[in-house]
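Chain by chain, the residues:
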Amino acid sequence: MTKKITPYRVLIAKPGLDGHDRGAKFIARALRDDGFEVIYTGIRRTPEEIAAAAIQEDVSAIGLSSLSGAHLRLFPAVVEALKKAHCHDIPVLGGGVIPDEDKEELKKAGISQVFTPGTPLEEILEAFRSACRNHRAEQP
Amino acid sequence: METLLRGIRNNEPRAIARAITIVENNEHGSESILSSLDHKSVDASLVIGITGSPGVGKSTLTNALVSSLRSLGKRVGIIAVDPSSPLSGGALLGDRIRMMSHALDPDVVVRSMATRGRLGGLCSAAGAVVRVMASAGCSPVIIETVGVGQSEMDIVRLADITMMVMAPGLGDEIQAMKAGILEVADLLVVNKMDCRGAETLTMEMESVLREKDDALRRICQTKATDGYGVDRLIETIYELESLFRQKGEFMKRRQKSREIEVIERALEMLKPQLQETFRSEINKESNDPQKAAHELIARFYKKLSAEP
Ligand SMILES: Nc1nc2c(ncn2[C@@H]2O[C@H](COP(=O)(O)OP(=O)(O)OP(=O)(O)O)[C@@H](O)[C@H]2O)c(=O)[nH]1
Ligand SMILES: [Mg+2]
């Protein structure tokens, strides 16, 4: 009814066992301040829980944060869980303490964008914007 | 569209989620979804509103309620409403954090919703989401909102039963009375019973209710973090439901909220035409807004009757 476009919805999640969510919360707030509706699910979530929540919330993108070094296992597990539910059209972006040499492997596993500690915030925001824009354009 | 409608009927999580988005945004397809819903389920389902100041434990209590309701075999819907930032239009929706223990349960349908500055419009958007969930077999559907603003009061009208959650040490009583929420809450819940001041708060609330001499209203005590008092709370909710249904209050409320929603939707549809008439005809004429409004409506009627 209104001409204004409805805000993009994204889910920010923190898989794995480490309890530090400063990075995840920082990104969540930055996205909110950029006009996103951000569903934040807190720390210590399993990949299956994250996928299920993302599906229920009908988000256009998932952002994962990991500082524990377990990203090579946890990020692809979220993509797998989405695949299992036939919902792998939802793009998964990931960031945190991730060495450059892991980037390729993560991308191969279906993570559409990988952010390292050096990635500027604006680049992260733009990655979410374009992921959401593309996802929304694909919706029937 | 057909696949989506079939998916909704088959309770596919993705289809329900898509449908909720479409009706929330009033996107193309919204009307066919709403008219295809199972109206019997919608009428039969119970809508519970949970409101209260920030941090009193609404989400934690919702989570505890869901655990008990699941052990009763109920399929539950939850709509968690949080305010949008007026500056960016974005929102941080964090109520789910306290409900993740049910994340893998297909019979717990959770949806976070931002107010999006919809004046009043929130009521029709949330009302539509409630119906999708109810049609998908969720009963009760629980709506959590922060009890401060007008939009939250609107949501109260959507609920069949409204509970106001309080906790000691937050000055809720005063807040609640200011907002007039005590007038509409059917159930007062004193949460954080493990904290100092909870008994005093309960007594204060009891005396407020006694003054009002309202036999239909109830007080419950809970400790949401470990589920203390939650079974009793659920019993009270169902007791109130059957009382309301007996007394005809239930249908009266449903009709009232239907009225609000229909009017809201109609006003929304009229708005662009009123704006157009205003800009093209009224704008330059009068400085008196009240007079201008009368004139606008008169012109609008005239235009309508002139149309074939
Ligand atoms: N001691 C105690 N703490 C509680 C109880 N219930 C909730 N809490 C705590 O209170 C804090 C706020 O709980 P929430 O459930 O997020 O409160 P809320 O009302 O949903 O908050 P908003 O959604 O931000 O308005 C959390 O740290 C909870 O663990 C209780 O019964 N006792
Ligand atoms: Mg909450």
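In case you missed it, the structure is sitting above this.
Here goes a summary of the coordinates provided.

So, how was this worked out
Residues numbered from 1 in each chain as written. Chains lettered and ligands numbered in written order. Predicted model: local features only at pLDDT ≥ 70, side-chain atom pairs only at ≥ 80, totals over all residues. Heavy atoms only, no water. Donors = N, O, S within 2.8 Å, 3.2 Å for Na, K, Ca; no water. Helix = DSSP H or I, 4+ residues; strand = E, 2+ residues; numbered from the N terminus. Contact = heavy atoms within 4.5 Å. Buried area = accessible area lost by both parts, 1.4 Å probe. Salt bridge = Lys/Arg side-chain N within 4 Å of Asp/Glu carboxyl O. Core = buried A, V, L, I, M, F, W, Y, C linked by side-chain atoms within 4.5 Å. Buried < 20%, exposed > 50% of the residue type's maximum accessible area, 1.4 Å probe, protein only. Near = heavy atom within 4 Å. Polar contact = N/O pair within 3.5 Å; in protein donor to acceptor, adjacent residues only side chain to side chain. Areas by Shrake-Rupley, 256 points an atom, 1.4 Å probe, with all protein chains shown as cover. Nonpolar A, V, L, I, M, F, W, Y, C, P; charged D, E, K, R; others polar.

**As for the coordination of the magnesium ion (ligand 2)**
Think of it this way: four donors in a tetrahedron around the metal ideally sit 109.5 degrees apart, and six in an octahedron ideally sit 90 or 180 degrees apart. Residue and element names in this part refer to chain B. Here the magnesium ion (ligand 2) is held by the protein donor atoms Ser59 (OG), Asp95 (OD) and Glu144 (OE), which lie 2.1 to 2.3 Å from it. Taken in chain order, the donor set of the magnesium ion (ligand 2) reads S-x35-D-x48-E. In this pair, Ser59 sits in helix α5 (residues 58-71) while Glu144 sits in strand β5 (residues 141-146), placing the two residues 85 residues apart along the sequence.

**Looking at the interface of chain B and chain A**
Listed per partner, the contact involves 28 residues of chain B and 32 residues of chain A. Between chain B and chain A, a total of about 2700 Å² is buried, with carbon and sulfur atoms accounting for 53% of that surface. Of all residues in chain B, B:Arg14, B:Leu92 and B:Met100 bury the most surface against chain A, accounting for 25% of the area lost on that side. Between chain B and chain A we count 5 salt bridges in total. Two residues, B:Arg111 and A:Glu57, come together in a salt bridge whose shortest N-O distance is 3.9 Å.

**Regarding the nonpolar core**
All names here are of chain B. Counting residues in hydrophobic clusters, the biggest one holds 34 residues, and the most contacted among them are Ile33, Ile79, Met113, Val132, Met133 and Ile143. Elements supplying a minimum of two residues to this core: α1 (2-9), α2 (13-25), α3 (30-36), β2 (76-82), β4 (108-114), α6 (121-135), β5 and α7 (150-158). Every residue in contact with Met133, bar those within four places of it in the chain, is listed here: Ile20, Gly77, Ile78, Ile79, Val109, Val110, Arg111, Cys138 and Val141.

**Focus on the site of ligand 1**
Residue and element names in this part refer to chain B. Not every one of the 19 residues close to ligand 1 is listed here, only the nearest: Lys58, Ser59, Thr60, Arg98 and Asp194. Between ligand 1 and the protein, one listed contact pairs an oxygen atom with a backbone N or O atom of Ala224 at 2.9 Å. For ligand 1, the accessible surface in isolation is 650 Å², of which the surrounding protein chains cover 75%. The set of elements that each furnish at least two residues to the shell around ligand 1 consists of α5 and β5. At 3 residues, α5 tops the list of elements feeding residues into the shell around ligand 1. In terms of residue class, the shell around ligand 1 is built from 5 nonpolar, 7 polar and 7 charged.

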